[in-house]
Amino acid sequence: MGLKLFNTLSRSIQDFAPLTPPKVGMYCCGPTVYDFAHIGNWRTFVFADLVRRYLEFKNFQVTHVMNITDIEDKIIKRVRETKTTLPEFTGKFESAFFEDLKTLNCLSPHQTPRATEHIPEIISLIEKLIARGIAYKAADGSVYFSIEKYRGFGCNYGQLLKLNFNEMRAGERVKSDEYAKESVADFALWKSRVPDDADIFWPSPFGEGRPGWHIECSAMSMKILEASFDIHLGGEDLIFPHHEDEIAQSEGATGKPFVKYWLHGAHLLVEGKKMSKSLGNYFTLRDLMAKGLSGREVRYLLITAHYRETFNFTLEGLAGAKTALARIDECVGKLSEIADRTNAAPNSKILEQFSAALDDDLNISAAWGEIFKWVTETNKRIAENSLQAADAAASLAAWHMIDSVLGVGTKNDIEIPADITALAEDRIAAKKSKDFKRSDAIRDELKAKGWVIEDSPKGYKLKKL
Ligand code: AMP
Ligand code: ZN
């Protein structure tokens, strides 16, 4: 069966047919680096990772691009408040983002362009829009996208959602990067320099200033992919205005259809509520790590629900994730023992069931259902002693293919952080020099950090608690 995906553009489930198979160009709106990404953001980025991994499982050659929004209204405000410089401020959150991406075992996107490194491309896109008469410089010195002119060319503003233009007055403008659909208006492509921007500005043919958020993604996606590409992803909150504006700017400049499939992930709630710092239910990945959770457990939980369903993140759910992963680990561990390095082709039955579920608009809950059915059946056969080494090897090979999509790994694959390894090495050194007080203290420290160390004649083994 072929892959089917829900396309926000057609509001329907469609067969996935990329523009130039087997190549797939995929762009995901990346983080705005003004803070640590929260687990809602991570739901969206892990969703993008899952899409990419599944396309690769299906032998597509994916180019995965994810931008870094390192210039935008919220960033400017925070730079001002923290009295830092733009690169200092965004650099810190960008590094944290890439560390977290690893913790969650997301594959690195092939390209992660920064907006501030694409100012010439942004300027040239704006110039094209001005030359076509779709953008104009207003009295405040900023350059705006004219929705009226764009529509006048027969172009459709409101491709991703229905908009009511009756209330809209021609030329009404909005300068901020985020606004509601009720205030649909000409939006800023280039924001002229104001005192609050301090030294954050670039020269341009339209005067000193900085780009609007929406034009950044149009410029970077079309530069790295093509003017028309296959998949654009993001959280559902980006449908309007961000993605609608991306379409308008890109199609307005090139006259070509911008993106074939728009995929939007539903939001994550925590304990049934929208995350907010005042409610105390706002978690970054780091907050969860500090509670002793692993990236693997969080990843598992983030990919248990269908991407188009709102996901309710609960601490109880995390406990469930631990149990579910332990069941898989136990089964895979026993399969490895029975297979005992026998090689076999992957068991096609479970692979077919798994991919039939994901082909159906990435129905991950159905895919997990098949996996746990397989775990139960496998455990039963192991208990009955009816599983031969070749069967176990075939099952194991299938699991590795499945996990190339899920990315939850098995317990043994867990990467040991460098500081933990360093502590373990210090402990060995302390033992060698017969400083047992220190070696015991290090053992306790490791335990407090969630790791147990087991000694054996061959050396030591670190295990996650
Ligand atoms: P930002 O860094 O704010 O630009 O957001 C990065 C990504 O996270 C975007 O694709 C957003 O749509 C997505 N996002 C923001 N909040 C949530 C949430 N609560 N649940 C899921 N995705 C979210
Ligand atoms: Zn974007």
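Thresholds, definitions, all that
Residues numbered from 1 in each chain as written. Chains lettered and ligands numbered in written order. Predicted model: local features only at pLDDT ≥ 70, side-chain atom pairs only at ≥ 80, totals over all residues. Heavy atoms only, no water. Helix = DSSP H or I, 4+ residues; strand = E, 2+ residues; numbered from the N terminus. Buried < 20%, exposed > 50% of the residue type's maximum accessible area, 1.4 Å probe, protein only. Pairing = 2+ DSSP bridges. Axes fitted to C-alpha atoms, helices over the stretch in contact; angles between N-to-C directions. Donors = N, O, S within 2.8 Å, 3.2 Å for Na, K, Ca; no water. Core = buried A, V, L, I, M, F, W, Y, C linked by side-chain atoms within 4.5 Å. Domains from an automatic or database assignment. Contact = heavy atoms within 4.5 Å. Parallel < 35°, antiparallel > 145°, perpendicular 65-115°, else oblique. Left-handed = near helix turned anticlockwise from the far one by under 90°. Nonpolar A, V, L, I, M, F, W, Y, C, P; charged D, E, K, R; others polar. Buried area = accessible area lost by both parts, 1.4 Å probe. Salt bridge = Lys/Arg side-chain N within 4 Å of Asp/Glu carboxyl O. Near = heavy atom within 4 Å. Polar contact = N/O pair within 3.5 Å; in protein donor to acceptor, adjacent residues only side chain to side chain. Areas by Shrake-Rupley, 256 points an atom, 1.4 Å probe, with all protein chains shown as cover. Phe/Tyr/Trp six-rings, centres within 6.5 Å; stacked < 30°, edge-to-face > 60°. Lys NZ or Arg CZ within 6 Å of the ring centre and 35° of its normal.

Draft legend 1. Examining unusual backbone geometry more closely. The residue after Pro-21, namely Pro-22, is reached through a cis peptide bond having omega 5°. Summarising the element assignment, Pro-22 is placed in the loop between strand E2 (12-15) and strand E3 (23-28). The residue after Phe-240, namely Pro-241, is reached through a cis peptide bond having omega 0°. With respect to the secondary-structure elements, Pro-241 resides in helix H7 (residues 239-254). In the Ramachandran plot, Asn-59 falls in the positive-phi region, its phi being about 70° despite a non-glycine side chain. Looking at the element boundaries, Asn-59 is found in the loop between helix H1 (39-57) and strand E4 (61-66). Residue class for Asn-59 comes out exposed when judged on its relative accessible area of 62%. Positive phi values are uncommon outside glycine, yet Glu-271 reaches one of about 45°. Tracing the backbone shows Glu-271 in the loop between strand E12 (268-270) and helix H8 (285-290).

Draft legend 2. Region of interest: the sheet that holds E4. Ordered by their spatial adjacency, four strands build an open sheet running E4-E3-E10-E11, and the pairing between neighbours is parallel. In this open sheet, the two edge strands, each paired with only one partner strand, are E4 and strand E11 (259-265). Averaged over all pairs of adjacent strands, the angle between their axes in this sheet comes to 20°, without regard to strand direction. As paired elements, strand E10 (residues 229-235) and E11 share six bridges and run parallel to each other. Directly across from Phe-229, in E11, lies its bridge partner Val-259.

Draft legend 3. Representation of the coordination of the zinc ion (ligand 2) within the structure. The coordination sphere of the zinc ion (ligand 2) contains the protein donors Cys-29 (SG), Cys-217 (SG) and His-242 (NE2), at a distance range of 2.1 to 2.2 Å. Within one chain, the residues donating to the zinc ion (ligand 2) are spaced in sequence as C-x187-C-x24-H. Of the two residues, Cys-29 sits in the loop between E3 and H1 while Cys-217 sits in helix H6 (residues 213-224), which places them 188 residues apart along the sequence. Residue Cys-29 is classed as buried on the basis of its relative accessible area, which comes to 6%. Residue Cys-217 is classed as buried on the basis of its relative accessible area of 0%.

Draft legend 4. Structural context of the nonpolar core. With 79 residues, the main nonpolar core has Leu-55, Ile-231, Phe-313, Trp-368 and Leu-406 as its most contacted residues. With eleven residues, H1 is the single largest residue contributor to this core. Lining this core are residues from two domains, each supplying at least three of them: domain 1 (17-269) and domain 2 (326-411). Setting aside chain neighbours within four positions, we find Ile-231 in contact with Phe-16, Val-24, Gly-25, Met-26, Tyr-27, Val-51, Leu-55, Val-259, Tyr-261 and Leu-263. One finds Tyr-27, Ala-185, Ala-227 and Leu-238 within the second-largest nonpolar core, a separate group that totals 59 residues.

Draft legend 5. Layout of the packing of helix H11 (residues 348-359) against helix H13 (residues 389-406). Across the interface, H11 lies against H13 with an axial gap of 9 Å and an inter-helix angle of 20°. Judged by the inter-axis angle, H11 sits roughly parallel to H13. Taken as a pair, H11 and H13 cross one another with a handedness that is left-handed. Two secondary-structure elements touch here, H11 through Ile-350, Leu-351, Phe-354 and Leu-358 and H13 through Ala-398, Met-401, Ile-402, Val-405 and Leu-406. Along the lines of polarity and charge, the residues of the contact of H11 with H13 split into nine nonpolar, no polar and no charged.

Draft legend 6. Looking closely at the domain arrangement of the protein chain. Splitting the protein chain by domain gives domain 1 (17-269), domain 2 (326-411) and domain 3 (418-464). With centres defined by C-alpha atoms, the gap from domain 1 to domain 2 works out at 40 Å. Interface of domain 1 and domain 2: buried area, both sides summed, is about 900 Å²; carbon and sulfur atoms make up 69% of it. By the criterion of area lost to domain 2, the three top residues of domain 1 are Leu-50, Tyr-54 and Phe-57, representing 64% of everything that side buries. Along the contact surface separating domain 1 from domain 2 lie one salt bridge.

Draft legend 7. Layout of the pairing of strand E8 (residues 186-192). Counting buried residues along E8, seven of its seven residues qualify, which places the element largely inside the surrounding structure. Of the pairings in the sheet, the one linking strand E6 (residues 143-145) to E8 comprises three bridges and is antiparallel in character. Bridging from a neighbouring strand, Phe-145 pairs with Phe-187 of E8. Across two bridges, strand E7 (residues 173-174) lies against E8 in parallel orientation. Paired with Arg-173 across the bridge in E8 is Asp-186. Pairing of E8 with strand E9 (residues 209-211), which is carried by three bridges, proceeds in the antiparallel orientation. Bridge pairing links Trp-190 to Pro-211 in E9.

Draft legend 8. Main features of the site of ligand 1. In the neighbourhood of ligand 1, 15 residues make up the surrounding shell, with Thr-32, Gly-40, Thr-44, Asp-237 and Leu-268 lying closest. In this structure, Gly-235 approaches ligand 1 through a main-chain N or O atom, which is 3.0 Å from an oxygen atom. Side-chain polar atom of Asp-237 to an oxygen atom of ligand 1: 2.3 Å apart, as the coordinates give it. About the coverage of ligand 1: the protein hides 89% of its 490 Å² of free accessible area.

Draft legend 9. Structural detail: the packing of aromatic side chains. The full count for this structure, using the stated rule, is 24 aromatic pairs. Judged by centre distance (6.2 Å) and plane angle (10°), the rings of Trp-374 and Trp-399 are stacked. Within this pair, whereas Trp-374 is found in helix H12 (residues 364-383), its partner Trp-399 is found in helix H13, the two being separated by 25 residues in sequence. Each of the two residues, Trp-374 as well as Trp-399, counts as buried. Here the basic side chain of Arg-151 rests over the ring of Phe-165, its NZ or CZ set 3.6 Å away from the ring centre. One Lys or Arg, Arg-173, reaches over the ring of Tyr-144 and ends 5.3 Å from the middle of that ring.

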